[in-house]
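# Overview (structure and organization)
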Amino acid sequence: MRENTGKVVLVGAGPGDTGLLTLKGEKYIKQADCLVYDRLSSPEFLSMAKAGCELIYVGKENHKHVMKQDAINELLYEKSKYHELVVRLKGGDPYVFGRGGEEALYLVDRNVEVEVVPGVSSSVAALAAAGIPITHRGIAKGFQVITAHSRKDEEADIDYSLLTDETITCVFLMGLAHVKSIAAGLMKAGRRADTPAAVISNGTLAAQRKCIGTLADIGEKIEEAKLTSPAIIVVGDVVSLNDRLDFFEKRPLFGRKITVPYIEAMPENIEAGAKDDGRKFESSKALKNSNNNIKTNELIAKLQQLGADVTPVKTGIINPIIIPEFADKVRSADWIVFTSKNGVRSFFYNLNLAGADIRIIANARFAVVGKATEKELAKHHINADIILAEQTGKGLADAMKLCMPYVYGESDEDTFDLGKNSTLDLSNGNISDKMCKVCIFSAQEASPDLEAGLKEICELEKIDAYVNEQAYESIPENIGNMVSEAVFTSASNVERFFHMLPENAYVETAYSIGEKTTAALEQHNVREILQADDSSYEALVDTICYKA
């Protein structure tokens, strides 16, 4: 127990979209020693917490409370005795019907230091995502936010006579079960029956749905639509603008449910910990010390940005391998080859771990597979000499064979045709009459295609840079026997995903990043397979968008 109590910070997590969390809120989450949280819309908030942070779930879902408010107040006080920084993470804004004031007063009365970080309230954000400005010149000069939920989980006692000004937008929180009675109360108090009204469910999320009507019919319409909580009711003439300002729901993939099996990538800038006796990197060490441990997958982020309702399924995790005599291996290399961005990250992790000077690779040339690998290498201020779009080791081997005569001094050519979206620039090269040494940094379980294609024409060393370990996690509950759309970026992803599915499950449409992935999909119960034009996330996303 601490001699003095620590600090408690009430952080508003916003309406659900992780991008709407404030920078200050994110900073405190990352620094927290203890994180006390309600039902949140995204697990990404929790993944921001540092290793060793105590995570405590206290519920606060409609009609379902894991812990009563009095108990939460006392919990915050008790945890402040043991931790320097306790963060109370609350949906929306802590002081907008979030009972944050009660928690703060309880702590202040016990001489605990308290800070409040405001959050984006759903009363404004959900409306904006639905195309409804809460105020608008000439239509609405102000707004009122009302809770429709009482302390006893019943409809609140609302004085509707105070809500009759038609130039004021009325927003009701936590009132999905009471839409009919709210509409009736407003009309009885004098609001027009044809006043526009809307109900927005899961506002700012990919699962957002809305129902538009009037006070006279909105009750029946939401019953037909079967909207679910959390939901917001908005009443006023600004609702009529929703069809013209509905940018959120007009994104190209909005409304499409897409499953993305993914392998958790190695974090960027892994801290080099103490040297281990074994070669395999222990994930409980430096990897878990990174705040980016469960960083959003790039493909998932792209799909979410375009509006897709993504269900991520983790099938594996990439861990680096500690490479013995790393500096000696790379010092004499003429070519260093990376088949993925994970190879690049492991390379620089080992460079750091070995305490080596970056100049030991000054004379090496670099070859990569894929644009993502090229971009990862460029982060270290190294431009690849060969960039192959094709996602196969054989394709890279063929490309390197083209430039081997140049290295041997048998060709005067500076440029070579490697096919679509691939480049090779050796205009600043040096002629050499010696056998090239090529170091390939790839997965422990990598295909032998690249090795087979190069071993006869160069001195080749294949270095196991990382291992793709299976993630033993259960399939998400919302995935049943039929998966409407799923995206696959590797053959191993395919095998692991289908192993997790129920026996008779099938995928209606599968999107593949390349030939090997497609070949793996053909061995399973898939109705339609669409392969990207080239092995990049950009091409894969284009393929998904073009699917009607």
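Given the structure is predicted, the values throughout are model-derived calculations rather than measurements.

### Some words on the overall build of the chain
When helices and strands are counted, the chain shows 16 helices and 21 strands. Taking all 548 residues of the chain together, the buried fraction comes to 53%. When the accessible surface of the chain is split by element, carbon and sulfur atoms take 48% of a total near 26,000 Å².

### Details of the confidence of the model for the chain
For the chain, the mean per-residue pLDDT works out to 85, and 83% of the residues sit at or above 70. Across the chain, the secondary-structure element scoring lowest on mean pLDDT is strand E16 (residues 423–424), at 50, and the one scoring highest is strand E5 (residues 113–117), at 98. Considering only residues more than four positions removed or in separate chains, one finds that residues 406–418, a stretch of pLDDT under 50, has 40 contacts. Below pLDDT 50 for its whole length, residues 428–433 participates in 13 contacts with residues either more than four positions away or in separate chains.

### Looking at unusual backbone geometry
The residue after Ser 229, namely Pro 230, is reached through a cis peptide bond having omega 0°. Structurally, Pro 230 can be placed in the loop between helix H7 (218–225) and strand E10 (231–235). Phi angles above zero are rare outside glycine, and Thr 204 is one such case at about 75°. With respect to the secondary-structure elements, Thr 204 resides in the loop between strand E8 (196–201) and strand E9 (209–214). Among the residues examined, Thr 204 registers a relative accessible area of 6% and is labelled buried. Despite not being glycine, Lys 226 has its phi angle at roughly 55°, a positive value.

### Focus on the sheet that holds strand E2 (residues 34–37)
Taken in spatial order, the five strands line up as E3-E2-E4-E1-E5 in an open sheet, and their pairing is parallel. Both edges of this open sheet fall to strand E3 (54–57) and E5, since each of them pairs with a single strand only. With strand direction ignored, the average angle separating the axes of adjacent strands in the sheet is 20°. Summarising the sheet, E2 and strand E4 (residues 85–90) pair through four bridges and their orientation is parallel. Within the sheet, the bridge partner assigned to Leu 35 lies in E4 and is Val 87. Sheet strands in contact with helix H1 (residues 23–31) are strand E1 (7–12), E2, E4 and E5, and its direction is about 135° off that of E5. Strands in contact with helix H4 (residues 100–108) are E1, E4 and E5; relative to E1, the strand with the most contacts, it is inclined by about 175°.

### Let's talk about the nonpolar core
Grouped together as the largest cluster of nonpolar side chains are 29 residues, with contacts concentrated most on Ile 336, Phe 338, Phe 347, Ile 361, Phe 366, Leu 377 and Phe 441. The element contributing the most residues to this core is helix H10 (residues 341–353), with four residues. In terms of nonpolar packing, the next biggest core, distinct from the first, is built from 23 residues, Ala 148, Leu 163, Ile 182 and Ile 218 among them.

### So, the packing of aromatic side chains
Summed over the entire model, instances satisfying the criterion amount to twelve aromatic pairs. Considering the side-chain rings of Tyr 37 and Tyr 57, the 5.5 Å spacing of their centres and the 45° angle between planes classify their relative orientation as tilted. Placement of Tyr 37 in strand E2 and of Tyr 57 in strand E3 is noted, with a sequence separation of 20 residues between them. In this structure Tyr 37 comes out as buried when scored by relative accessible area, which is 15%. The exposure class of Tyr 57 is partly exposed, given its relative accessible area of 35%.

### Comments concerning the environment of Ile 321
With respect to the secondary-structure elements, Ile 321 resides in the loop between strand E12 (309–320) and helix H9 (326–331). Counting along the chain gives 145 residues from Ile 321 to Tyr 466, while the straight-line C-alpha distance between them is 4.9 Å.

Criteria and thresholds
- Residues numbered from 1 in each chain as written.
- Predicted model: local features only at pLDDT ≥ 70, side-chain atom pairs only at ≥ 80, totals over all residues.
- Heavy atoms only, no water.
- Helix = DSSP H or I, 4+ residues; strand = E, 2+ residues; numbered from the N terminus.
- Buried < 20%, exposed > 50% of the residue type's maximum accessible area, 1.4 Å probe, protein only.
- Areas by Shrake-Rupley, 256 points an atom, 1.4 Å probe, with all protein chains shown as cover.
- pLDDT = per-residue confidence, 0-100.
- Contact = heavy atoms within 4.5 Å.
- Pairing = 2+ DSSP bridges.
- Axes fitted to C-alpha atoms, helices over the stretch in contact; angles between N-to-C directions.
- Core = buried A, V, L, I, M, F, W, Y, C linked by side-chain atoms within 4.5 Å.
- Phe/Tyr/Trp six-rings, centres within 6.5 Å; stacked < 30°, edge-to-face > 60°.

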